[in-house]
Amino acid sequence: MTLLKINGLSKSFGGLLAIDKVSLTLQEGEILGLIGPNGAGKTTLFNMISGTFPPSQGKIEFNGQDITGMPPHKVCNLGIVRTFQIVKPFANLSVVDNVMVGAFLRKSSLEIVEKKAREMVDFTGLAQYVDEPAQNLTTSARKRLELARALATEPKLLLLDEVMAGLTPTESLEVVKLIRKIRETGVTILVIEHVMKAIMSLSDRVAVLHHGELIAEGSPSVISNDKNVIQAYLGEEYQIVED
């Protein structure tokens, strides 16, 4: 079943065309990787899907419903939630209180909200920090906290914006395992990432943006050997390594 359908989406900021007639579909239960150089328009696309920016033209459908230009709180209520490249937790609140903020979207009882939050803290591997102030967390733990808070909203579609940025290879591997575990719960995932080893191992399909245009889409093996993608983003050395 098609969960997300993007048709001819464009976004201009004054005279700058950031996204140019991009069309994509995302199937329920799929992990779709979104890659491309800095400034390619990846986060702008996320911002339009999540309702932060209205598109200049084009259409976004989620679960069969037109959500084009819908404000973020309504998009979130429908089941689309995103994380941010630069995580900004509520620094003085505990880990569990940060996650409770997300859980209040679906639940009103304080007891039920706290129970849900603690479940997500455990799920994301933060149990040892549950009562710690968020400001005391490492970068890796803050990334997990961002995931826990997003998951507490009970999303159908999770948009991950460079969740592995700033992590060590070992920490990135653990996040890859966590993302797979999230997919196993039935959540569909669209992920922006520059760590190629991670994105190629995670994704069912990969889409490539360059100067706001979709220049390629396909399986990781197809994308890693696509001449246009190699020239625009991956570089010749990536193909050599992969071969």
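Up top you'll find the structure we're talking about.
Below is a summary of the structure that appears in this document. (Residues numbered from 1 in each chain as written. Predicted model: local features only at pLDDT ≥ 70, side-chain atom pairs only at ≥ 80, totals over all residues. Heavy atoms only, no water.)

1. Examining the pairing of strand β3 (residues 31-35)
1) Next: Most of β3 sits inside the fold, with 5 of its 5 residues counted as buried.
2) Next: What you see with β3 is no split at all: Ile31, Gly33 and Ile35 on one side and Leu32 and Leu34 on the other are buried throughout.
3) Next: By the bridge criterion, 4 bridges tie β3 to strand β8 (residues 188-192) in an arrangement that is parallel. Note that in β8 the partner of Gly33 across the bridge is Val191. (Buried < 20%, exposed > 50% of the residue type's maximum accessible area, 1.4 Å probe, protein only. Helix = DSSP H or I, 4+ residues; strand = E, 2+ residues; numbered from the N terminus. Pairing = 2+ DSSP bridges.)

2. Details of the sheet that holds strand β5 (residues 65-66)
1) Next: The 4 strands are arranged β2-β1-β4-β5 in an open sheet whose pairing can be described as antiparallel. For this open sheet the edge positions go to β2 (16-27) and β5, each flanked by a neighbour on one side alone.
2) Next: Here 2 bridges tie strand β4 (residues 57-62) to β5, and the two strands are oriented antiparallel to one another. When the sheet's bridge partners are listed, Glu61 is paired in β5 with Asp66.
3) Next: Docked against the sheet, helix α1 (residues 42-49) engages β1 (2-13), β2 and β4, running at close to 115° with respect to β1. (Contact = heavy atoms within 4.5 Å. Axes fitted to C-alpha atoms, helices over the stretch in contact; angles between N-to-C directions.)

3. Digging into the pattern of salt bridges
1) Next: Going through the model one piece at a time under the given rule, you end up with 12 salt bridges.
2) Next: Between Asp20 and Lys21 there is a salt bridge, with its nearest N and O atoms 3.7 Å apart.
3) Next: With relative accessibility at 56%, the residue Lys21 sits in the exposed group.
4) Next: For Arg118, the salt bridge identified is with Glu114, shortest N-O distance 3.0 Å. One end of the pair, Arg118, and the other, Glu114, are both in helix α4 (residues 110-123), 4 residues apart, so they sit about a helical turn from each other.
5) Next: It is possible to trace a salt-bridge network through shared partners that takes in Glu30, Arg205 and Glu217. (Salt bridge = Lys/Arg side-chain N within 4 Å of Asp/Glu carboxyl O.)

4. Observations concerning the packing of aromatic side chains
1) Next: Evaluation of the coordinates by the stated rule reveals 1 aromatic pair.
2) Next: Their ring planes at 75° and their centres at 5.4 Å tell us that Phe13 and Phe53 sit as a pair that is edge-to-face. Of this pair, Phe13 sits in strand β1 while Phe53 is found in the loop between α1 and β4, placing the two residues 40 residues apart along the sequence.
3) Next: Phe13 sits in the partly exposed class, given a relative accessible area of 36%. (Phe/Tyr/Trp six-rings, centres within 6.5 Å; stacked < 30°, edge-to-face > 60°.)

5. Notes on the nonpolar core
Side chains of a nonpolar character, in soluble globular proteins, are inclined to be buried together.
1) Next: Leu158, Met164, Ile179 and Ile189 are the most contacted members of the largest nonpolar core, which has 48 residues in total.
2) Next: The element best represented in this core is helix α5 (residues 139-151), accounting for 6 residues.
3) Next: Among the nonpolar cores identified, the runner-up in size contains 27 residues, and Leu24, Ala40, Ile192 and Leu209 belong to it. (Core = buried A, V, L, I, M, F, W, Y, C linked by side-chain atoms within 4.5 Å.)

6. Quick word on helix α6 (residues 169-184)
1) Next: With 16 residues, α6 ought to run about 22 Å at 1.5 Å a step, and its terminal C-alpha atoms sit 23 Å apart, in line with that.
2) Next: Among the residues making up α6, those that are buried are Ser172, Val175, Val176, Leu178, Ile179 and Ile182. Projection of α6 onto a plane perpendicular to its axis shows the buried side chains occupying an angular sector of 165°, all on one side. α6 presents Thr170 and Glu184 as exposed residues on the side facing more than 90 degrees away from its buried surface.
3) Next: Where α6 is buried, its residues contact β3, α4, α5, β7 (157-161), β8 and α7 (196-202).
4) Next: Backbone geometry just after α6 places Gly186 at a positive phi near 105°. (Expected span 1.5 Å × (residues − 1). Arc of directions from axis to C-beta.)

7. Examining the packing of helix α3 (residues 95-103) against α5
1) Next: Where α3 meets α5, the closest approach of the two axes is 7 Å, and the angle between their N-to-C directions is 35°. The handedness of the crossing between α3 and α5 comes out as right-handed. Across the interface between the two elements, Val95, Asn98, Val99 and Gly102 from α3 touch Leu145, Ala148 and Arg149 from α5.
2) Next: Of the residues that constitute the contact of α3 with α5, the class distribution is 4 nonpolar, 2 polar and 1 charged. (Left-handed = near helix turned anticlockwise from the far one by under 90°. Nonpolar A, V, L, I, M, F, W, Y, C, P; charged D, E, K, R; others polar.)

Interpretation in functional terms is not warranted from these geometric data alone.
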